[in-house]
Amino acid sequence: MAEETDLLILGGGTGGYVAAIRAAQKGMSVTIVEKNKLGGTCLHKGCIPTKALLRSAEVYDTLKDAESFGLEGIGKPTVNFKRIQERKQNIINQLHMGVEGLCKKNKIRILEGEGAVLGPSIFSPVSGAVAVTFNDKEKEEEIIVPKKVLIATGSRPRTLPNLPLDEEMILSSDGMLELETLPKSMAIVGGGVIGVEWASLLNSLGVEVTLIEFMDRLLINESGTVSRELKKQFEQRGINVMLGTKVEEAKVNKKSVVLQLGEKEELKVDKVMVAIGRQPNVDGIGLQNTSVKYDEKGIHVNEYYQTTEGHIYAVGDCIDTLQLAHVAMKEGEIAVSHMLDEQVDTIHYHNVPRCVYTQPEIASVGYTKENVPEGKNVKVGTFNFAGNGKALVYGEGSGFVEVIRDTDTDDLLGVTIIGPHATDLISEASTAIYMDASPIEIGEAIHPHPTMSEVIQEAALDTYGKAIHK
């Protein structure tokens, strides 16, 4: 007999498990099929482990700079990378136990294995039954017949034909997280979010880093002024940034990799990291047995995450939207609400906060100066962290905030921050946009002093020429 359930979710990452909890809270019976561990890429191979490593690097930088705070005699701290990795894993383990506990609390059934969607069969007159092959090979395959299916299979690192991953000399972000020792030198191919975060991290821990980007600037989706500021600060720290550069070939031997850059230049490093993005996991899950449409960018869905088969939904990295954990979570919640015929607001993706955990941090929400819709009249307000008391107290006076105001409607169109605690500060701007606040409302709201949040206040006032400390 086939097992029945209200909702079967393929993938227990952030999109999958959040959707499962929300569905269970609403009274649905839920089964998750996960081949690895609950929490997915974000918890085990992405957000959490990299931020744990970045925090160790940040503390190390602070200790090295202790004398500037009047703290002498601390000595020269050293990097114990094994201990750093152990701390990272302890954080992952604690959070993983938390996710498992939440699923158990909500009576969500977890099947450890791989699932494949079946076409119409004796189990169901329509496609959507799922065959589960268990990791435990002694268990027989099980057929689950759900009323709804949610595909949340995530993504995997992408590479180039001339940079084949071996996870020893040429590594993806997955392989980087398994390093036991730090190389003396490393080339990072790709100047997007993943590449710049690893460049910042490795540089802080003493690795000689070369960052190679094919485009003419880093973080192509962010403000041009932010890209230039990040490049300037990276180079001041000793990171070699190469823009407009193509990797033609990689020659690997036992101890090093030689990269051919263009026609003449060569670069010899201990290891190479490929950070050119991620590709959706859409193969091997039975989509060919259905009429669900998909391509190399992911599964096709509508604004409620329904596929071309209305009872099958998809969210997260396996669809062509922003590959961010908080986006996948919200998509999962919206999908569940739509399954239950509830009224739900769809996501305006340009109003999703975006964060980069480099040193300095970068965060933005809404439009940047480069992508404001044509025809809009805007005023950009700015304020530097150098004029903020709390930032100077922390020894972090570099960076700035940009606020974009529509001068015709007085709408807040976007906020970009590069500087200390940017990834936390952006929540005020994100909430303001969600609540349809105008920049003057941010500017006139009382902000506690001294705090770094005053930088946003001053930049908002600057869109009217009313900044106090500028």
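These numbers come from a predicted model, not from an experiment. (Residues numbered from 1 in each chain as written. Predicted model: local features only at pLDDT ≥ 70, side-chain atom pairs only at ≥ 80, totals over all residues. Heavy atoms only, no water.)

1. Some thoughts on unusual backbone geometry
Quick note on the threshold: Strands are runs of DSSP state E lasting at least two residues, helices are runs of H or I lasting at least four, and both sets are numbered from the N terminus onward. Think of it in three bands: with a 1.4 Å probe and only protein chains considered, a residue is buried below 20% of the maximum accessible area for its type, exposed above 50%, and partly exposed in between.
Looking along the chain, the bond that leaves Q359 and enters P360 is cis, with omega of 15°. With respect to the element layout, P360 can be found in the loop between β19 (354–356) and β20 (362–366). In this model, H449 is joined to P450 through a cis peptide bond whose omega is 0°. Position of P450 among the secondary structure elements: in the loop between α11 (439–444) and α12 (454–462). Although it is not a glycine, Y305 adopts a positive phi angle of roughly 75°. When you line up the elements, Y305 lands in the loop between β17 (298–299) and β18 (312–314). According to the relative accessible area criterion, Y305 is buried, its value standing at 2%.

2. Overview of the domain arrangement of the chain
Accessible area lost upon the coming together of the parts serves often as the stated size of an interface. Heads up, the rule is: Note: domain ranges come from an automatic or database domain assignment. The criterion used for residue contact is that any of the two residues' heavy atoms lie within 4.5 Å. Two parts placed together each lose some accessible area under a 1.4 Å probe, and adding up what both lose gives the buried area. What counts as a salt bridge is simple: a side-chain nitrogen of Lys or Arg found within 4 Å of a carboxyl oxygen of Asp or Glu.
Its domain assignment divides the chain into domain 1 (7–47 + 84–156 + 279–349), domain 2 (159–276) and domain 3 (360–463). The distance between the C-alpha centroids of domain 2 and domain 3 comes to 31 Å. The partner domain 3 presents 12 residues to the 11 residues of domain 2 that form the contact. Both sides together, the interface formed by domain 2 and domain 3 hides about 950 Å², and carbon and sulfur atoms give 62% of it. A per-residue breakdown of the area domain 2 buries against domain 3 is headed by E222, V226 and Q233, which together make up 42% of the total. Along the contact surface separating domain 2 from domain 3 lie zero salt bridges.

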